[in-house]
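Below are the chains, spelled out letter by letter.
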Amino acid sequence: MKTPPPVGITMGDAAGIGPEIVVKACAQGLNAPCVVYGDAGALRRAAAALGARLQIHEIAHVGQASGDAGRIEVVACGAALPMDLPYGKVNAAAGLAAYDYVCAAIDDAQAGRIRAIVTAPLNKQSMHEGGIDYPGHTEILAERSGTHDFAMMLANDELRVLLVTIHVALADVMARITPEAELTAMRLADRACRQMGIARPRVAVAGLNPHAGEGGKFGREDLDIIAPAIRQARVEGIDASGPWPGDTVFMRARRGEFDIVVAQYHDQGLIPVKYLGVDHGVNVTVGLPFVRTSVDHGTAFDIAGKGVADQASLIAAFDLALAMTP
């Protein structure tokens, strides 16, 4: 059997906790070979501060990776960062470099040179200061890979949630709640669960309005847009149900009644997942031509460089990427 290629880990923003959690995860030991897209100097600084006995070895391309234990192999990409880059502060150079790491990983994933992409956090403000105007990872991944139908899914041991709309103002959500958007989200939710080994996913759809509209009393979107899309999904063989009131559907899924919840907007879906804790949460971009998972937290500028960041979410993201790419 052919050996799978390594998993690609992007280091994220060097001014945040990305370098630290990458070093900690590699020092703890990962369940498959990896390469890191990042800055070798930033990783060496993190390793020295942590007292980690790991060699940081820069390579020109993934084909040079040896997979040796006790070594972090870093794919050269992006401009080198200064060794005295301040932690915990917005920095244009770090933001641009973080973007370059992601782009290099996408190109290698598209070409089949890496098994999956696992991303450490980037900082949107730093990225914007560096001239890169994207709301976050999801949109970069979709545009560079030419993906039109995609969604963000958050998952932990208790709950899976996929979003219909992602990084848009709440005032703009209504215009994006369309039958096609709903149906696409249900298709992607079903696909994601199957990739995770669930043979017959049970997809619950959260209502948009309080009490899922309560028969039209609190708005007709649930009746006129969401419900017909659910019926069409069922025609296609997807075990979808709802729309269910948003204030109880997540609790029901957590108890095992559903395998995944399709939420209508960012905070409706992410608050329940993150309330359960971000230590083992994983962010998955569904619909891409490759697997991408990520930590369920940000750059944590307030603790960057202090040696106290938890690598658990990165390891959980790595393990889920393995599970989704057998």
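From a predicted model like this one, the values you see are computed outputs, not experimental measurements.

Let's talk about the overall build of the protein
So, step 1. Looking only at helices and strands, the protein has 11 helices and 12 strands in total.
So, step 2. For the protein, the C-alpha radius of gyration of 20 Å lies close to 20 Å, the compact-globule estimate for 326 residues.
So, step 3. Here the C-alpha coordinates of the protein stretch approximately 60 × 45 × 35 Å along the principal axes.
So, step 4. Buried residues in the protein amount to 54% of all 326 residues.
So, step 5. Partitioning the contacts of the protein with sequence separation of at least 6, the portion at a separation of at least 24 is 72%.
So, step 6. For the protein, the computed accessible surface area is about 13900 Å², with 51% contributed by carbon and sulfur atoms.

Here we look at the state of the cysteines
So, step 1. Inspection of every chain in the model, using the stated rule, returns 0 disulfides.
So, step 2. No disulfide involves cysteine 34; its nearest neighbouring cysteine sulfur is the one of cysteine 26, lying 4.2 Å away.

Points about the packing of aromatic side chains
So, step 1. Taken as a whole and judged by the stated rule, the model has 2 aromatic pairs.
So, step 2. Centroid distance tyrosine 99 to tyrosine 134: 6.1 Å. Interplanar angle 20 degrees. Geometry classified as stacked. Here tyrosine 99, found in helix α3 (residues 92-110), pairs with tyrosine 134, found in the loop between α4 (124-129) and α5 (137-145); they are 35 residues apart in sequence, far enough to count as distant.
So, step 3. On the accessibility criterion, tyrosine 134 (17% relative accessible area) is buried.
So, step 4. Aromatic pair tryptophan 244 and phenylalanine 258: ring centres 6.0 Å apart, planes at 35 degrees, arrangement tilted. One end of the pair, tryptophan 244, is in strand β9 (residues 239-244); the other, phenylalanine 258, is in the loop between α9 (249-254) and β10 (260-263), and 14 residues separate them in sequence.
So, step 5. According to the relative accessible area criterion, tryptophan 244 is partly exposed, its value standing at 26%.
So, step 6. The aromatic ring of tyrosine 87 is capped on one face by arginine 45, whose charged end is 4.1 Å from the ring centroid.
So, step 7. Between arginine 252 and the ring centre of tryptophan 244, over which it is positioned, the NZ or CZ distance is 4.1 Å.

As for the pairing of β10
So, step 1. Along β10, one buried face is formed by Ile260 and Val262 and the opposite face, lined by Val261 and Ala263, is buried too.
So, step 2. Taken together, the 3 bridges between strand β7 (residues 160-163) and β10 define a ladder with parallel strand orientation. When the bridges of β10 are listed, leucine 162 appears paired with valine 262.

Here's the deal with the packing of helix α1 (residues 18-28) against helix α2 (residues 40-50)
So, step 1. Look at α1 against α2: their axes get within 9 Å of each other, and the N-to-C directions meet at 65 degrees. Crossing of α1 against α2: the hand is right-handed. Contact residues: α1 offers Pro19, Glu20, Val22, Val23 and Lys24, while α2 offers Ala42, Leu43, Ala46, Ala47 and Leu50.
So, step 2. Residue composition of the contact of α1 with α2, by class: 8 nonpolar, no polar and 2 charged.

Overview of the pairing of β9
So, step 1. Where strand β8 (residues 202-206) meets β9, 4 bridges bridge the pair, whose relative direction is parallel. Bridge pairing in β9 links arginine 202 to aspartate 239.
So, step 2. One crossover worth recording links β8 to the parallel β9 by way of helix α8 (residues 221-235), and it is right-handed.

Cut-offs used in this document
- Residues numbered from 1 in each chain as written.
- Predicted model: local features only at pLDDT ≥ 70, side-chain atom pairs only at ≥ 80, totals over all residues.
- Heavy atoms only, no water.
- Helix = DSSP H or I, 4+ residues; strand = E, 2+ residues; numbered from the N terminus.
- Rg over C-alpha atoms; globule rule 2.2 N^0.38 Å.
- Buried < 20%, exposed > 50% of the residue type's maximum accessible area, 1.4 Å probe, protein only.
- Contact = heavy atoms within 4.5 Å.
- Areas by Shrake-Rupley, 256 points an atom, 1.4 Å probe, with all protein chains shown as cover.
- Disulfide = S-S within 2.5 Å.
- Phe/Tyr/Trp six-rings, centres within 6.5 Å; stacked < 30°, edge-to-face > 60°.
- Lys NZ or Arg CZ within 6 Å of the ring centre and 35° of its normal.
- Pairing = 2+ DSSP bridges.
- Axes fitted to C-alpha atoms, helices over the stretch in contact; angles between N-to-C directions.
- Left-handed = near helix turned anticlockwise from the far one by under 90°.
- Nonpolar A, V, L, I, M, F, W, Y, C, P; charged D, E, K, R; others polar.
- Right-handed = clockwise from strand over helix to strand, strands pointing away.

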